[in-house]
Amino acid sequence: MTALTGLSTLSALTAQSGAVSIDALRLLPALAPALGALLVLLVDALAPRRTLPHLVVGALALLMGAAGAMPGALSPAREPVLTLCLPGGPDGACLWSAGPLDSTLQIGLLAASLAALLLLSDQWRDLPGDRAVDVALILASAAGGAAVVAARELGTWLVALELATLPVIALVVLRGTRRAAHGGMTLMMTSLLSFAVLVVGTGLWVMATGDASLSGTAIRTAWAEPDQRAVLVVAILTLFVGLGFKLSLVPFHAWTPPTFVSGPLPISALLATASKLAAVGALLALIAPFAGLADPHPHALAFVVGALAIGSMLVGTVVAFRATDLVRLLAWSTIAQAGWVVLPLAALTTVGHRASVAYALTYAAAGLVAFAVATAVRTAGGEPGSERGLAAYRGLARSHPHVGGPLILALLTLAGLPPAILGLVAKVVAIRPLLAAGLWPLAVLAVIAVVLGIAVYVRWIAVLLAAPEHRTTAASGNNAGTGVEVQVGPGALAVLSLGTALLVVASVVPQVLYGLLS
């Protein structure tokens, strides 16, 4: 029904002016990965036993998509990148609108997809499956994520959001184990439930506004009428619940730990970073038009957003404290950090939107570094990431500082502790919109969550800095001692190097990131 409404809207616009303008270069953030997926499959048909061409094509497609988003992120005029619209059409006529925040999110999720692809390439010798299919699925998910961030019509928004999710389910299942099948089934059932809720919310939105577009004009018109306003509030809350599954917000988080643990670690990294950035972009597309609405102020929306954010922060942090498995720690940390990403949106201001995007990007960078380390630690002779227990990481910062050091920096960033200034600034910036909006109770609870989070991450940092037990490397061939080895593949090395450099530079000069977003 929603897709048909979107098509009818597009047909009406076309009938009025004769054609919808299409600028392929402005669609490049989504178009490049989509075309790259097709090209990978074509290359596989011509050279089925080669893996390097698939990796090169996939990496180039993601880099081209990120380059296509650069003009929107760096535009001095701060004007949105518009296409799929009528020349001189009314507000809301454009079906693709990527402002500076949207373009920055697109760059972040495409970069995170590239990092996941590099990590996965290290494991191709150990994992079953078709390499071309792996790359094509990652590219398809990236195309959906880039599209949903800029979509300004509900039919396109909904389809792109599912395109960002469904390929990841296949990537989890393709590992071929019973545990992976369980994780994939959990993720699929969650996705189906989320889709059903989103369809209901979409119908309510169209009922309230009479329009399938995500335009400020339609929302302001509906907000002025009490009856339409009530339906619109229910619609946005329903859509927020549907996105809560994608973001791993409490109480919609149950799929996250089992899926992270059961799937390949690079795919867990993809779910924790790129998929979350896509969901943040989808949420911003919905909630951005509500900024500045007054008389009456949408307090119900602010309350629900704030309550789910605080609940996620507290539950995720408390359960993470008991985690003795690094991947489970990262899973519950993802839940807690999702609360931090959503928290500033409760202020319903543009400042809150910028704070949310900045925090999401900060978390993604730290999360990718942590997952890269997790893929490097394995049971002697086992597959990458097969050793995840707390004891396996004891003294890692001393015995392998090139691996343990970046992990400490990532954990400090997530905790918001110096010298990882970026994480501290991100948390301060996330709380400031709440104070400006008078939401003091949320700010106080956020500070409590910070204190609890410090205990979680400091516990792991202490283990990393402890006296090391005997640990081997893959090259030594000696499996004595703990039976744990550290092997950093080329992909993991690239992610560790670039991710660590990004965290260091952003901690030294955090105004670079926040200046870009402001």
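A few points on the structure. (Residues numbered from 1 in each chain as written. Predicted model: local features only at pLDDT ≥ 70, side-chain atom pairs only at ≥ 80, totals over all residues. Heavy atoms only, no water.)

### A few points about the pattern of salt bridges
As a reminder, the rule being used: Here, a salt bridge means any side-chain nitrogen of Lys or Arg that lies within 4 Å of a carboxyl oxygen of Asp or Glu. Numbering of helices and strands starts at the N terminus; helices are DSSP runs of H or I of at least 4 residues and strands are runs of E of at least 2. For the exposure calls, accessible area comes from a 1.4 Å probe over protein chains only, and a residue counts as buried if that area is under 20% of its type's maximum, exposed if over 50%, partly exposed in between.
Enumeration according to the criterion identifies three salt bridges in this entry. Put simply, Arg 152 and Asp 102 hold a salt bridge, and the shortest N to O gap is 3.0 Å. Here Arg 152, found in the loop between helix 5 (131-150) and helix 6 (154-173), pairs with Asp 102, found in helix 4 (residues 100-121); they are 50 residues apart in sequence, far enough to count as distant. Each member of the pair, Arg 152 as well as Asp 102, is classed as buried. Here Lys 246 makes a salt bridge to Glu 162, at a shortest N to O gap of 3.1 Å. Within this pair, whereas Lys 246 is found in helix 9 (residues 226-247), its partner Glu 162 is found in helix 6, the two being separated by 84 residues in sequence. Of the residues examined, Lys 246 reaches a relative accessible area of 10% and is grouped as buried.

### Quick look at the side chain of Thr 375
To keep it simple, the criterion reads: Whenever a nitrogen or oxygen atom comes within 3.5 Å of another N or O atom, the pair is scored as a polar contact, on the condition that within protein one atom can donate a hydrogen and the other can accept it, and that pairs from neighbouring residues in sequence are kept only if both atoms are in side chains.
Summarising the element assignment, Thr 375 is placed in helix 15 (residues 350-376). Classification of Thr 375 by relative accessible area gives buried; the value is 6%. Reaching out from Thr 375, the side chain makes a polar contact with the backbone oxygen of Ala 372 at a distance of 2.6 Å.

### Regarding the side chain of His 353
For the record, the criterion: By the convention used here, residues are in contact when the closest approach between their heavy atoms is within 4.5 Å.
Within the element layout of this structure, His 353 appears in helix 15. Overall, His 353 belongs to the buried group, its relative accessible area being 6%. Residues within four places of His 353 in sequence aside, it is in contact with Leu 101, Leu 284, Ile 287, Ala 288, Ala 291 and Leu 345.

### A closer look at a nonpolar patch on the surface
Defined as follows: Residues enter patches when they are more than 30% accessible in relative terms and free of salt bridges; like-charged ones are connected within 9 Å and nonpolar ones (Val, Leu, Ile, Met, Phe, Trp, Tyr) within 5 Å. We get accessible surface area from the Shrake-Rupley algorithm with a probe of 1.4 Å; when it comes to residues, only the shown protein chains can shield them.
On the surface, a cluster of nonpolar side chains totalling about 490 Å² of accessible area is made up of Val 315, Val 318, Val 319, Val 444, Leu 445, Ile 448 and Leu 452. Sort the elements by how many residues they give to the nonpolar patch and helix 19 (residues 440-465) lands first, with four residues. Structurally, the position occupied by Val 319 is in helix 13 (residues 299-320).

### Structural notes on helix 5
For clarity, the threshold we go by: What a helix is expected to span follows from its residue count: subtract one and scale by 1.5 Å.
In this model, helix 5 (20 residues) spans 30 Å end to end at C-alpha, consistent with the 28 Å of a helix rising 1.5 Å per residue. Of all 20 residues making up helix 5, 18 are buried, and the element is well covered by its neighbours.

### With respect to helix 2 (residues 28-46)
Relative to the 27 Å expected for 19 residues at 1.5 Å per residue, helix 2 spans 26 Å between its end C-alpha atoms, a close match to the ideal helical length. Taken together, the buried positions of helix 2 are occupied by Leu 28, Pro 29, Ala 30, Ala 32, Pro 33, Gly 36, Ala 37, Val 40, Val 43 and Asp 44. Each element contacted by the buried residues of helix 2 is listed here: helix 3 (52-74), strand 2 (96-98), helix 4 and helix 5.

### Comments concerning the nonpolar core
Under the convention used in this document: Put simply, buried Ala, Val, Leu, Ile, Met, Phe, Trp, Tyr and Cys residues joined by side-chain atoms within 4.5 Å make one nonpolar core.
Within the largest apolar cluster, 173 residues are counted, with the highest numbers of intra-cluster contacts made by Trp 157, Trp 205, Leu 286, Trp 340, Leu 343 and Tyr 393. Broken down by element, this core gets its largest block of residues, 16 residues, from helix 15. Residues in contact with Trp 205, not counting those within four places in the same chain, are Leu 154, Gly 210, Asp 211, Ser 213, Leu 214, Ile 219, Leu 232, Ala 235, Ile 236, Leu 239, Leu 286 and Phe 290.

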